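# Understanding the architecture of this molecule
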Amino acid sequence: MSSTRGYAYFQGDFVPFEDANVSVMTHALSYGTGVFEGIRGYWNPSHEKLYVVKLREHFLRFIQNTRMMSIVVPHSVEELCNITLELLRLDGFREDTYIRPLAYKSSLQIGVSMEGVSDGLTIFAAPFGNYVDIDRGLAVCVSSWRRTSDNAIPPRAKVTGNYANTALIKNEAVVNGYDEAIVLTEQGYVAEGSAENLFLVRDGQLVTPSVADNILEGITRRAVSELAERELGIPTVSRTVARSELYVAEEIFLTGTGAQIAPVTSVDRRTVGNGDVGPIASRLQQLYLDVVRGKHPDYADWLTPLELARPAVVNA
Ligand SMILES: Cc1ncc(COP(=O)(O)O)c(C=O)c1O
């Protein structure tokens, strides 16, 4: 995602995106003391609406996580939702969009203490397509890096500093010719993808690593479990997952706001199942993409619909 278009909510105002800048001395820039979210809006051209997915849930998680980092956000969840919708109206992107709220330690100082340090808030959005290929099946590796642990930097907090770990994991995978990586806990159990949660199919059941295994408690993870249960009658078991289960699973897929539902067809060059995208991943992906684009009325409560003005026609 890269954007120089549109607006940003920055220090309490909507400003042109290029004016939303921080000093090089900002606490969060040196020390990783920010908390962020990633939210998607899906454009449905026949409805002429942008459907923002699980908006309230993302801001609930955001506020919980800012507390963990002692960052004060001067808005309620409802206010943050309304600011975001106003931003999207101003931006007017009539296409799939990614929204990035970021709260951060904003004082200009050298020294890591967060005591007395002021807090900043920005929200910006950019047109955004697929984060990873979701059609052909990903070739993933098990990373040589380990996930940061709950008692180091809690991965569930979506702290910017934690994404140095994510960057090491993802980059190692890419330079070695893989699409993505799966990361293990210090104890050697499966945590998640670099920036996605992970599901396996074992004996026809869905299995996903437990929330105590250093994962981000994904909003898509929960949504996918709900879809699997309601639409396919398949329950999800959340438990500790051994690395070797990756090599014997019938199917594996990654979930996330960015990744959506991304099937995995090999792990460490060993094929998953018969090497094709699995039927459960494929069915869940189709259902998910229909739901988020507003095509499944049973799940309307996942979405905040937004009408965006048509761009003015300028006569030559
Ligand atoms: C480390 C990590 N795990 C999992 C996820 C998926 O979370 P969600 O479904 O809430 O986007 C993300 C994406 O934001 C992530 O960064």
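Now for a description of the structure that goes with this document. (Residues numbered from 1 in each chain as written. Predicted model: local features only at pLDDT ≥ 70, side-chain atom pairs only at ≥ 80, totals over all residues. Heavy atoms only, no water.)

The description of two packed helices rests on the angle between their axes and on the distance between the axes. At a minimum axis distance of 10 Å, the contact between helix 5 (residues 219–232) and helix 6 (residues 279–292) shows a crossing angle of 105°. Relative to helix 6, helix 5 is oriented roughly perpendicular. Where helix 5 abuts helix 6, its residues Thr220, Val224, Leu227, Ala228, Glu231 and Leu232 lie against Ile280, Arg283, Leu284, Leu287, Tyr288 and Val291. (Axes fitted to C-alpha atoms, helices over the stretch in contact; angles between N-to-C directions. Helix = DSSP H or I, 4+ residues; strand = E, 2+ residues; numbered from the N terminus. Parallel < 35°, antiparallel > 145°, perpendicular 65-115°, else oblique. Contact = heavy atoms within 4.5 Å.)

Moving on: the site of the ligand. Close to the ligand lie 16 residues, the nearest being Lys158, Tyr163, Glu192, Thr220 and Thr257. Arg61 places a polar side-chain atom, nitrogen or oxygen, 2.8 Å from an oxygen atom of the ligand. Separating an oxygen atom of the ligand from a side-chain N or O atom of Thr257 is a distance of 2.6 Å. According to the grid-proximity analysis, the pocket containing the ligand is the largest pocket. Sorting the residues of the shell around the ligand by element identifies helix 5 and strand 14 (251–256) as the ones contributing at least two each. A per-class count over the shell around the ligand returns 4 nonpolar, 7 polar and 5 charged. (Near = heavy atom within 4 Å. Polar contact = N/O pair within 3.5 Å; in protein donor to acceptor, adjacent residues only side chain to side chain. 1 Å grid on protein atoms, 1.4 Å probe; cavity = no way out; pocket = protein on both sides within 12 Å on 5 of 7 lines; lining within 4 Å. Sits in = over half its atoms within 2 Å of the grid points. Nonpolar A, V, L, I, M, F, W, Y, C, P; charged D, E, K, R; others polar.)

This part is about empty space enclosed by the protein. Counted under the stated rule, the structure contains 2 cavities of 30 Å³ or more. In terms of lining residues, the largest cavity is bounded by Arg40, Tyr42, Val53, Lys54, His58, Ile219, Thr220, Ala223, Thr257, Tyr288 and Trp302. Those elements that provide at least two residues to the lining of the largest cavity are strand 4 (39–44) and helix 5. Broken down by element, the residue count for the lining of the largest cavity peaks at 3 residues, all from helix 5. Tallied by class, the residues present in the lining of the largest cavity amount to 6 nonpolar, 3 polar and 2 charged. Three or more residues apiece are contributed to the lining of the largest cavity by two domains, here domain 1 (7–127) and domain 2 (138–297). Around the second largest cavity sit Glu250, Glu251, Ile252, Pro263, Val264, Thr265, Val272, Asp276, Val277, Gly278 and Ala281, which together line it. (Points joined across faces, edges and corners; volume = space filled by probe spheres on them. Domains from an automatic or database assignment.)

Let us look at the side chain of Lys105. Locating Lys105 in the fold gives a position in strand 6 (residues 97–105). Its relative accessible area of 2% is what places Lys105 among the buried residues. A distance of 2.8 Å separates a polar side-chain atom of Lys105 from the backbone oxygen of Ser70. Apart from the residues lying within four places of it in its own chain, the contact partners of Lys105 are Thr26, His27, Ala28, Thr33, Met69, Ser70, Ile71, Met114, Val117, Ser118 and Asp119. (Buried < 20%, exposed > 50% of the residue type's maximum accessible area, 1.4 Å probe, protein only.)

What follows deals with helix 4 (residues 163–175). Taking 1.5 Å of rise per residue, the 13 residues of helix 4 would be expected to cover 18 Å, and the 18 Å separating its terminal C-alpha atoms lies within 8% of that figure. Those residues of helix 4 not exposed but buried are Asn165, Thr166, Ile169, Lys170, Glu172 and Ala173. End-on, the buried residues of helix 4 take up no more than an arc of 160°, which puts them together on one face. Summarising the contacts, the buried residues of helix 4 are in contact with strand 8 (138–146) and strand 9 (180–184). (Expected span 1.5 Å × (residues − 1). Arc of directions from axis to C-beta.)

As a further point, take the packing of aromatic side chains. For any pair of aromatic rings, geometry is given as the distance between the ring centres together with the angle between the planes. All told, the structure shown has 7 aromatic pairs when counted by the stated rule. When the ring of Phe199 is compared with that of Phe253, the centres are 5.1 Å apart and the planes differ by 10°; the resulting orientation is stacked. Taken together, the residues Phe199 in strand 11 (residues 197–202) and Phe253 in strand 14 connect sequence positions 54 residues apart. Its relative accessible area of 0% is what places Phe199 among the buried residues. (Phe/Tyr/Trp six-rings, centres within 6.5 Å; stacked < 30°, edge-to-face > 60°.)

Running from amino to carboxyl end, helix 2 (residues 55–68) crosses helix 3 (residues 77–91) at an angle of 125°, the nearest separation of the two axes being 9 Å. As judged from the angle between their axes, helix 2 and helix 3 are oblique. Judged by the twist between their axes, the crossing of helix 2 over helix 3 is right-handed. Note on element contacts: helix 3 touches helix 2 through Val77, Glu78, Leu80, Cys81, Thr84 and Leu85, opposite Leu55, Arg56, Phe59, Leu60, Phe62 and Ile63. Looking at the contact of helix 2 with helix 3 residue by residue, the classes come out as 9 nonpolar, 1 polar and 2 charged. (Left-handed = near helix turned anticlockwise from the far one by under 90°.)

In this section: the environment of Phe59. For Phe59, the position within the fold is in helix 2. Owing to a relative accessible area of 0%, Phe59 belongs among the buried residues under this scheme. Apart from residues lying up to four places away in sequence, Phe59 is in contact with Ile39, Val77, Leu80, Cys81, Thr84, Pro101 and Ile123.

Looking along a regular strand, one sees side chains alternate from face to face of the sheet. Of all the 5 residues making up strand 5 (residues 49–53), 4 are buried; the element is thus mostly covered by neighbouring parts of the structure. Here strand 4 folds back onto strand 5 in antiparallel fashion, the turn holding 4 residues, of which Glu48 has a positive phi close to 55°. (Pairing = 2+ DSSP bridges.)

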